[in-house]
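Results of the structural survey
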Amino acid sequence: MTKDGVVLAVEKRVTSPLLEPSSVEKIMEIDEHVGCAMSGLIADARTLVEHARVETQNHRFSYGEPMTVESTTQAICDLALRFGEGDEESMSRPFGVSLLIAGHDENGPSLYYTDPSGTFWQCNAKAIGSGSEGADSSLQDQYNKELTIAEAETIALSILKQVMEEKVTPNNVDIAKVSPSYHLYTPAEVEAVIARL
Amino acid sequence: SAQNGLRSLRPPRSRRPRRNLIKEGRKRDTGHRTAPLRLLLQATNSGDSTTSPPSSPPSPTTAMSRRGDWVYENNGGTCVAIAGADYCVVAADTRLSVGYNILTREHSKICELADKCVIASSGFQGDIKALQKNLAARELLYQHQHNKRMSCPAMAQLLSNTLYYKRFFPYYAFNVLGGLDSEGKGCVYSYDAVGSYERTGYSAQGSGSTLIMPVLDNQLKSPSPLLVPARDAVTPLSESEAVDLVKDVFASATERDIYTVCFPLSVPRDHRLLLFIHLPLY
């Protein structure tokens, strides 16, 4: 997270050259001002994101204003806590997914980390997934509050490069930023960031 | 005997036409369902209060619906709001009436919903109380869920949705919402009975509205909402000038409107804290 916005970067983990990279979607938009990155059971994550999308649009309909990022995160965690909505659609197991929810509201940019228990924490920087321990400690060293978006992109990608087994290419990483609105980078933009590494 | 004499005037039972109660029942039902909406919209169109169903050429439906299905009452009163650069004045008179009678002289039509949002409603007080209670409860829930008080534009949208929710059995409430928006500028939202709303620089609703609006139009000269680029509708008047204007405007309405009383009791305004100015009753 920076003063101007939040940067999310994910490793796509393309397991076969036959796999279409653009179909692996691990960063999704929830609303114009909120996006989220996921790690874990991606199918479960899609349910949570869909619920968040409905909640944010309901809020816009009822109150004519964008939902704050914390409220959006709370709405996702309420669902995670109940294992689903209502009596019939609720699951008999928790949602097996951690999310990084990045957004921009009247309180500025913010980043929240959720886990299957339904708890959420606000963070300045966070890594989730299989290489998260190493990535977290690298983040602790490299993060400071005065970063610009460009610097944040570089740091995020360099940390990904450290924990990834394959080489970083525009096809096996995804970057998105929320500053102040959500934008998923095109392969060309990702290429430009890789070139700066 | 007299009874026998009376009985002889009526045709014998076998010759009177048999009433088809089932058909009559069906017609009665239709009248009942649409009566509130139809009669309410007629009332709003005429702009005056009607406390009884209007007379209409006899037809099966309306004749049946006259059977005490009129569920609204107009308790009269007028509400006015004016938005300024950093303030908003919301005023309402305090007379509650029914027909030609006064029920009380000291009834406030204004409800403070949030620290920067105040609603004034005129019409049927039963519906108004329910509506204001509903909105206040929703505001409290919002406060707990989102850790902040509701802004005036958010309350405006909520009120619109609440009113439209009862599109087919409306709240007989003519509302004016006033307050400060997120930038601290005054905002006034004006509603009809089913939730259509618009942000304006000033508004009057209620029995005296037709007397007051032309005066406000003359004094405040709001730019058309159709202009591009959009122009600010807030008035350049100072707060005390706006309060004086509101008092004058109520004085004018009182001259000719029996439902409106002079010297409004509550004129809440503010951007720091809400003050209620109590003026002597007339």
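Source: prediction; values computed, not measured.

This paragraph deals with the overall build of chain A. A count of helices and strands for chain A gives five helices and eight strands. Secondary structure elements of chain A, listed N to C terminal, follow the sequence β-β-β-α-α-β-β-β-α-α-β-β-α. Against the globule reference of 16 Å for 197 residues, chain A gives a C-alpha radius of gyration of 16 Å, in line with a compact fold. Expressed as lengths along the three principal axes of its C-alpha atoms, the size of chain A is roughly 50 × 40 × 30 Å. In chain A, buried positions account for 47% of the 197 residues. Counting only contacts in chain A whose residues sit at least 6 apart along the sequence, the fraction spanning at least 24 positions is 60%. For chain A, the computed accessible surface area is about 9700 Å², with 51% contributed by carbon and sulfur atoms.

Looking now at empty space enclosed by the protein. Residue and element names in this part refer to chain A. Enumeration according to the criterion identifies two cavities of 30 Å³ or more in this entry. Reported here for the second largest cavity is a volume of approximately 40 Å³. Around the second largest cavity sit L48, I76, C77, A80, V97, L99, T114, D115 and P116, which together line it. Going through the elements one at a time, α2 (69–82) and β4 (97–105) are the ones with two or more residues in the lining of the second largest cavity. Of the residues assigned to the lining of the second largest cavity, the class counts are seven nonpolar, one polar and one charged.

On to the pattern of salt bridges. One pass over the full model with this rule turns up 13 salt bridges over all chains. For R149 of chain B, the salt bridge goes to E139 of chain B, with nearest N and O atoms at 3.2 Å. Of this pair, R149 of chain B sits in the loop between α4 (125–146) and α5 (152–165) while E139 of chain B sits in helix α4, and the two are ten residues apart along the sequence. Sharing partners across several salt bridges, the network here consists of D31, E32 and R60 of chain A.

Another point: the confidence of the model for chain A. Atom-level detail of predicted coordinates should not be read off regions where pLDDT is low. Averaged over all residues, the pLDDT of chain A equals 91, while 100% of them reach at least 70. For chain A, the element scoring lowest by mean pLDDT is helix α3 (residues 132–142) of chain A, at 90; strand β2 (residues 27–31) of chain A scores highest, at 95.

All names here are of chain A. Residue P180 is bonded to the preceding S179 through a cis peptide linkage, with omega at -15°. The topology assignment puts P180 in the loop between β7 (173–178) and β8 (182–184). A positive phi angle, near 55°, is found at R13, a position not held by glycine. Mapped onto the secondary structure, R13 falls in the loop between β1 (6–11) and β2. Residue R13 is classed as partly exposed on the basis of its relative accessible area, which comes to 44%. The backbone of F83 shows a phi angle near 60°, a positive value even though the residue is not glycine. Position of F83 relative to the elements: it lies in the loop between α2 and β4.

Residues and elements named next belong to chain A. One open sheet accounts for five strands, arranged β2-β3-β4-β5-β6; its pairing is antiparallel. In this open sheet, the two strands that pair with only one neighbour each are β2 and β6 (120–123). Mean inter-strand twist for the sheet, computed between neighbouring axes without regard to direction, equals 25°. By the bridge criterion, four bridges tie strand β5 (residues 108–114) to β6 in an arrangement that is antiparallel. By the bridge assignment, Y113 is partnered in β6 with W121. Against the sheet, helix α1 (residues 42–63) contacts β2, β3 (34–40) and β4, and its axis sits at roughly 20° relative to β2. Strands β2, β3, β4, β5 and β6 of the sheet are contacted by α2, whose axis makes an angle of about 155° with β4.

The rules behind the values
For every chain, the first residue of its written sequence is number 1, and the numbers climb from 1 along that sequence. Each chain is given a letter, starting from A, and each ligand a number, starting from 1, according to the order in which they appear as written. Totals for whole chains, interfaces and linings use every residue, but because this is a predicted model, local features are given only for residues with pLDDT of at least 70 and side-chain atom pairs only at 80 or more, for both listing and counting. In computing side-chain properties, one takes all heavy atoms of the structure into account and sets aside hydrogens as well as water. Helix and strand assignments follow DSSP, with helices taken as H or I runs no shorter than four residues and strands as E runs no shorter than two, numbered in order from the N terminus. Put simply, the radius of gyration uses C-alpha atoms, and a globule should come to 2.2 Å times the residue count raised to 0.38. Whether a residue is buried, partly exposed or exposed follows from its accessible area with a 1.4 Å probe, protein chains only, as a fraction of its type maximum: under 20%, in between, or over 50%, in that order. Throughout, a contact is declared for two residues whenever any of their heavy atoms are within 4.5 Å. Here, Shrake-Rupley sampling with a 1.4 Å probe gives the accessible areas, and only protein chains in the shown set may cover a residue. Of the two site types, the cavity is a set of points on a 1 Å grid over the protein atoms alone where a 1.4 Å probe fits but cannot get out, and the pocket is an open set with protein on both sides within 12 Å along at least five of seven lines, each lined by residues with an atom within 4 Å of a point. Grid points are joined across faces, edges and corners, and a volume is the space filled by probe spheres set on the points. Each residue is assigned to one of three groups, with Ala, Val, Leu, Ile, Met, Phe, Trp, Tyr, Cys and Pro labelled nonpolar, Asp, Glu, Lys and Arg labelled charged, and all others, Gly among them, labelled polar. We define a salt bridge as a side-chain nitrogen of Lys or Arg found within 4 Å of a carboxyl oxygen belonging to Asp or Glu. For every residue, the predictor assigns a confidence score, pLDDT, that lies between 0 and 100. Strand pairing requires that DSSP identify at least two bridges connecting the strands. All axes here are fitted lines through C-alpha atoms, helices being fitted over the stretch that makes contact, and every angle between N-to-C directions spans 0 to 180 degrees.

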